[in-house]
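# Geometric and topological summary
If you want the building blocks of each chain, they are given just below.
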Amino acid sequence: MENSGQAAECRFDLLGIGNAIVDVLAPVEAAFPERNGMTPGGMMLIDAARAEALYGQIRREKEMGGGSAANTCVVASNMGARVAYLGKVADDAPGKAFATDMQGAGVYFPSSPLQGDAGTAHPTARCIIVVTPDGQRTMNTYLGACVNFCPEDVLADVVQSAKVTYMEGYLFDPPAAQEAFRTAARIAHEAGRKVALSLSDKFCVDRHRAAFLDLVRGHIDILFANEDEICALYQTADFDHAARLVAADTHFAVLTRSEKGSVIIQDQQRIVIDSVRTQVIDTTGAGDAYAAGFLAGWTSDRTLAECGRLGSVAASEVISHYGARPLMNMRQDMDF
């Protein structure tokens, strides 16, 4: 199995870079998403006015730190990995709560917040996540301060000291963050580190397909995607066809398939991993948690099969309750 081979020099096993968001979770009736112009199961970007309007229609079950890569970082830290995170918040109450939340989860969060007028104009981002009775989550994201994340926010010393820099595809929605993404990848590779990408969301893939294909074909080391995302990337409804295409484009891909488990592709090797059965309450963060478990295993030199098992264990825990963060300590799952 491939790895960075530089563990002794690393301060961190995993560095996540993404949109720093406060998640607002709310149970809703089955018809709510479509009645409010949402695509069930997807993520749409909204403005401040729309965020306020939705906020007034829901019964909030939970508010907590969120964001795809941030969720991955928290779960990985919970599993015993050494983790850092870079993302932009404002110097407001939600931003301070986000920072406190990350630090409380054992994640090093050195990013500086937006100050003054910039922070007033772009408050900390929030994602209103409505969850239907079948557990499906539909996300409505106001990016706020995230649009200000830029190459200057990529702290080179942190990137250089992480075995893997893991970035979410959602970074491609704010234009300046795309440049920051590529800056982080360059710094990581120059330091001999690895770079991982999550495709994040089918609709995100549709928005940025050409850019993602370019990254997959030459700029990242590990690709994470679910079945809908990888099929969207290659514009096919056939998962096996998409898997063959991604295997031709990159040497290492990790593809999740909900209750069907996951498929790990590395060079000519393909490993099928079973899902872990659980009661599904809220699928928010399932892919984020899977990536956390996988990378916690991979950075501690586990076999690919064991990495996949840890990913499935982590995903099963977070979908068994509301919210994308674990409610139990999963370090025992890392035991051999």
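This write-up is about the structure you can find in this document. (Residues numbered from 1 in each chain as written. Predicted model: local features only at pLDDT ≥ 70, side-chain atom pairs only at ≥ 80, totals over all residues. Heavy atoms only, no water.)

### A short note on unusual backbone geometry
As a reminder, the rule being used: Counting from the N terminus, the helices are the DSSP runs of H or I reaching at least four residues and the strands are the DSSP runs of E reaching at least two.
Its identity is not glycine, yet Ser258 carries a phi of approximately 55 degrees, on the positive side. As for its placement among the helices and strands, Ser258 is situated in the loop between β12 (252-256) and β13 (262-266). At Asp301, a position not held by glycine, the phi torsion is positive, near 65 degrees. With respect to the secondary-structure elements, Asp301 resides in the loop between α11 (286-298) and α12 (304-318).

### Considering the sheet that holds strand β4 (residues 62-66)
Our working definition: Two strands make a pair as long as DSSP finds a minimum of two bridges between them. Think of each axis as a best-fit line through the C-alpha atoms, taken over the contacting stretch in the case of a helix, with angles from 0 to 180 degrees between the N-to-C directions.
The five strands lie next to each other as β3-β8-β7-β2-β4, forming an open sheet whose pairing is mixed. Edge strands, defined here as strands with exactly one partner in the open sheet, are β3 (43-45) and β4. Averaged over all neighbouring strand pairs, the angle between strand axes comes to 25 degrees, with direction disregarded. Summarising the sheet, β3 and strand β8 (residues 137-142) pair through three bridges and their orientation is parallel. By the bridge assignment for β8, Met43 is matched with Met139.

### Observations regarding the pairing of strand β7 (residues 125-131)
Convention followed: Partly exposed describes any residue whose relative accessible area lies between the buried limit of under 20% and the exposed limit of over 50%, with all areas from a 1.4 Å probe on protein chains only and scaled to the type maximum.
Across the seven residues that make up β7, a large majority, seven, are buried. In β7, alternate side chains face the same way, and those of Ala125, Cys127, Ile129 and Val131 on one face and Arg126, Ile128 and Val130 on the other are all buried. Direction of pairing for strand β2 (residues 21-27) relative to β7: parallel, over a ladder of seven bridges. Bridging from a neighbouring strand, Ile21 pairs with Ala125 of β7. Direction of pairing for β7 relative to β8: antiparallel, over a ladder of six bridges. Residue Cys127 lies in a different strand from β8, and its bridge partner there is Thr141. The turn linking β7 back onto β8 is made up of five residues, and Gly135 within it adopts a positive phi angle of 90 degrees.

### Focus on the packing of aromatic side chains
As a reminder, the rule being used: When two rings of Phe, Tyr or Trp (its six-membered ring) have centres within 6.5 Å they constitute a pair, described as stacked for plane angles under 30 degrees, edge-to-face for angles over 60, and tilted for the intermediate range.
Tallied over the full model, the rule gives 11 aromatic pairs. Ring plane angle 10 degrees and centroid distance 5.6 Å describe the contact between Phe12 and Tyr108, whose orientation is recorded as stacked. Of this pair, Phe12 sits in strand β1 (residues 12-17) while Tyr108 sits in strand β6 (residues 107-108), and the two are 96 residues apart along the sequence. A relative accessible area of 7% means that Phe12 is categorised as buried. For Tyr108, a relative accessible area of 37% translates into the label partly exposed. Among the aromatic residues, those joined into a ring-pair cluster are Tyr166, Phe224, Phe252, Tyr290, Phe294 and Trp298.

### Comments concerning the environment of Ile187
This is how it is decided: Every residue pair with non-hydrogen atoms within 4.5 Å of one another is taken to be in contact.
As for its position among the elements, Ile187 is in helix α7 (residues 175-190). Using a relative accessible area of 9% as the deciding quantity, one classes Ile187 as buried. Spatially, the C-alpha atom of Ile187 lies 46 Å from that of Ala31, the residues being 156 residues apart in sequence. In this structure Ile187 touches Val154, Ala156, Val159 and Gln160, once residues within four positions along its chain are discounted.

### Looking at the sheet that holds strand β11 (residues 222-226)
Taken in spatial order, the nine strands line up as β6-β5-β1-β9-β10-β11-β12-β13-β14 in an open sheet, and their pairing is mixed. Whereas interior strands pair on both sides, the edge strands pair on one side only; in this sheet they are β6 and β14 (269-273). Sheet topology places β11 next to β12; four bridges connect them, and they run parallel. Within β12, the residue paired with Asn226 across the bridge is Thr256.

### Observations regarding the pattern of salt bridges
Threshold: Whenever Lys or Arg places a side-chain nitrogen within 4 Å of a carboxyl oxygen from Asp or Glu, that contact is recorded as a salt bridge.
Tallying each qualifying case throughout the model produces 16 salt bridges. Across the salt bridge formed by Lys163 and Asp13, the nearest N and O atoms sit 3.3 Å from each other. Here the residue Lys163 occupies a position in strand β9 (residues 162-168), and Asp13 occupies one in strand β1, the gap between them amounting to 150 residues. Glu63 serves as the salt-bridge partner of Arg60, at 3.1 Å between the closest nitrogen and oxygen. By sharing partners, the salt bridges in this structure join Asp13, Arg82 and Lys163 into a single network.

By themselves, these observations are geometric and do not establish any function.
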